[in-house]
Amino acid sequence: MLSEALLVSAPGKVILHGEHAVVHGKVALAVALNLRTFLRLQPHSNGKVGLNLPNTGIKRVWDVARLQLLDTSFLEPGDVTTPTPEQVEKLKEVVDLPEDSANHKGLAVLAFLYLYLSICRKQRALPSLDITVWSELPTGAGLGSSAAYSVCLAAALLTACEEIPNPLRGGESTSRWATEDLELINKWAFQGERVIHGNPSGVDNAVSTWGGALRYQQGKISPLKRPPALQILLTNTRVPRSTKALVAVVRSRLLKFPEIVAPLLTSIDAISLECERVLGEMAAAPAPEHYLVLEELIDMNQHHLSALGVGHASLDQLCRVTMAHGLHSKLTGAGGGGCGITLLRPDLELPDVEATKQALTSCGFDCWETSIGASGVSVHLDTSLDTPVQQALGGL
Ligand code: PMV
């Protein structure tokens, strides 16, 4: 067990192109969003394990001795095993969770306990430690906040238990793990996601682990080589939506009008492939024309998504407002409200961006200027980090 504190961070994600079409076997491009979740792990010798999630007000402490006595033999020692629904139910029972473990707070605690008990079982005795997790990502907005949480937990626990080395060398402020270590982090993070979501696709934890951009099709996830970091405005319309209901809308339209809807899905697939090609070209030599193509792809896809039935008045408003400032937007994720992305070309002047942000905020939307194609899970020198969220939380 490591004796020093660890500070790790992992990004959220947005879907650039291919939402909904991906449900029907087409390609989606998912990219890391530079709004991050941070985790600090502090080893202790006080016989306690603490979990502190200031964004959601969760503060829990367990006695290590009590956890040690639990019969957790149903968790395979030290292996990456799939948590079956029975295992998750059994875990709820043995740890005796007081809060409703079906809500997102209960599920966050359960995912932590699952990863702590499974990863640390190889240690002679379960370690005493304190974990604090805080995030720049809003929860439940389709931005991969639970995946970033699971990735941070997996990376920190595997490193603290010396299953993987701490890659941070003297003098460095930030570092990343080697490929095989990232693969292990991703596998464990996927298990955490399964505790939270039941049957997730695995794309959110993959983006959060690897960073950059990923192509995703029929369960096959492959990272894009050297994707450019693009500046975007991310806007949350704050209109609540249900991914499940919106996926059902598209399915029923496809059944009702196959001749009309199937070509839309094929066209969205072609948009994703064209975007992937352009991003590849931009990695080699970015040029202003590339941004113009990306903008056209955004416009076409937004109209296709509206035709599929997953648009919303708030998203139309978002597109109109940004277009009035010469900028192009599309919904990201499930649609029906939720979030949208607006591409910021490098030639834009700061006052133009500020004016657009102001206009979006005055519609009642939340708006962040951030980048996509950000780094995946990273470890930081503890003193090097001073994020606005950290400051807001009183310099945790
Ligand atoms: O719920 P979100 O915002 O992560 O996006 C869902 C994306 C869909 O393509 C609509 C559904 C899916 O499972 O891929």
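Our subject is the structure that appears above.
Only a predicted model underlies this, so the values are computations on that prediction, with no experimental measurement involved.

S.K.: What is the right way to look at the site of the ligand in this model?
M.R.: Near the ligand you find K13, I15, E19, H20, V22, V23, G142, R241, T243, V247, G333 and A334, and these make up its full shell. Between H20 and the ligand, the recorded distance is 2.9 Å, taken from a backbone N or O atom to an oxygen atom. Protein chains bury 75% of the 380 Å² of accessible surface belonging to the ligand in isolation. At a threshold of 2 Å from the grid points, most atoms of the ligand map onto the largest pocket. Counted by class, the shell around the ligand contains five nonpolar, four polar and three charged residues.

S.K.: Can you help me understand the packing of helix α5 (residues 179–197) against helix α6 (residues 203–210) in this one?
M.R.: A pair of packed helices is captured by two measures, namely the crossing angle of their axes and the spacing between those axes. Interhelical geometry of α5 versus α6 gives an angle of 145 degrees and a closest axis separation of 9 Å. The way α5 lies across α6 gives a crossing that is right-handed. Together, T179, L182, E183, I185, N186, A189, F190 and E193 of α5 and D204, N205, A206, T209 and W210 of α6 make up the contact between the two elements. Looking at the contact of α5 with α6 residue by residue, the class counts come to six nonpolar, four polar and three charged.

S.K.: Help me out: how do you make sense of the pattern of salt bridges in this one?
M.R.: Opposite charge on two side chains allows them to pair when their charged atoms are near. Applying the stated criterion across every chain, the model contains 13 salt bridges. Between E19 and K330 there is a salt bridge, with its nearest N and O atoms 3.0 Å apart. Linking E19 in the loop between β1 (6–17) and β2 (28–43) with K330 in strand β10 (residues 329–332), this pair joins segments that are 311 residues apart in sequence. As far as the burial class goes, E19 and K330 line up, both buried. Across the pair K357 and E354 runs a salt bridge, and its minimum N-O distance is 3.5 Å.

S.K.: Where do I start with the environment of E259 in this structure?
M.R.: Assignment of secondary structure puts E259 in helix α8 (residues 258–284). Exposure remark for E259: the relative accessible area of 71% places this residue in the exposed category. A C-alpha to C-alpha distance of 19 Å links E259 and G18, two positions 241 residues apart in sequence.

S.K.: It is not clear to me how empty space enclosed by the protein should be interpreted in this structure. Could you clarify?
M.R.: Using a probe with the size of a water molecule, rolled over the atoms, empty space left in the structure can be pinpointed. Overall, the coordinates contain two cavities of 30 Å³ or more when judged by the stated rule. Roughly 90 Å³ of internal volume is contained in the largest cavity. If you go around the largest cavity, the residues you meet are L16, H17, L230, I232, C275, L279, L294, I298, I341, T342 and L343. Put simply, the parts of the chain that give the lining of the largest cavity at least two residues each are β1, β9 (230–236), α8, α9 (288–308) and β11 (339–344).

S.K.: How do you make sense of the nonpolar core when you look at a structure like this?
M.R.: Inside soluble globular proteins, nonpolar side chains tend to come together where they are buried. Of all hydrophobic cores here, the largest spans 89 residues; its most connected members are F112, Y116, I131, Y149 and I185. In terms of residue count, the dominant contributor to this core is helix α3 (residues 104–119) (12 residues). Residues within four places of Y116 in sequence aside, it is in contact with V49, V64, L67, R121, L126, P127, L129 and L157. Judged by nonpolar contacts, the second largest core, of 25 residues, contains L318, A334, A359 and C367.

S.K.: How do you make sense of the layout of surface pockets when you look at a structure like this?
M.R.: In this structure, the largest pocket encloses a volume near 1600 Å³. Lining the largest pocket are 50 residues, with K13, G142, S146, H197 and D204 positioned closest to its centre. Among the elements that take part in the lining of the largest pocket, α3 stands out by supplying four residues, more than any other. Residues that form the lining of the largest pocket fall into these classes: 21 nonpolar, 22 polar and seven charged. Taken as a whole, the second largest pocket spans an internal volume of roughly 160 Å³.

S.K.: What is the right way to read the packing of helix α7 (residues 243–256) against α9 from this model?
M.R.: Between α7 and α9, the least distance of the axes is 9 Å, while the angle of their chain directions is 80 degrees. The angle between α7 and α9 falls in the class roughly perpendicular. Residue-level inspection shows V249, V250 and R253 of α7 in contact with α9, the latter providing S306, A307 and L308. Residue classes in the contact of α7 with α9 are distributed as four nonpolar, one polar and one charged.

About the thresholds
Residues numbered from 1 in each chain as written. Predicted model: local features only at pLDDT ≥ 70, side-chain atom pairs only at ≥ 80, totals over all residues. Heavy atoms only, no water. Near = heavy atom within 4 Å. Polar contact = N/O pair within 3.5 Å; in protein donor to acceptor, adjacent residues only side chain to side chain. Areas by Shrake-Rupley, 256 points an atom, 1.4 Å probe, with all protein chains shown as cover. 1 Å grid on protein atoms, 1.4 Å probe; cavity = no way out; pocket = protein on both sides within 12 Å on 5 of 7 lines; lining within 4 Å. Sits in = over half its atoms within 2 Å of the grid points. Nonpolar A, V, L, I, M, F, W, Y, C, P; charged D, E, K, R; others polar. Axes fitted to C-alpha atoms, helices over the stretch in contact; angles between N-to-C directions. Helix = DSSP H or I, 4+ residues; strand = E, 2+ residues; numbered from the N terminus. Left-handed = near helix turned anticlockwise from the far one by under 90°. Contact = heavy atoms within 4.5 Å. Salt bridge = Lys/Arg side-chain N within 4 Å of Asp/Glu carboxyl O. Buried < 20%, exposed > 50% of the residue type's maximum accessible area, 1.4 Å probe, protein only. Points joined across faces, edges and corners; volume = space filled by probe spheres on them. Core = buried A, V, L, I, M, F, W, Y, C linked by side-chain atoms within 4.5 Å. Parallel < 35°, antiparallel > 145°, perpendicular 65-115°, else oblique.

Keep in mind that these numbers describe shape and distance, not what the molecule does.
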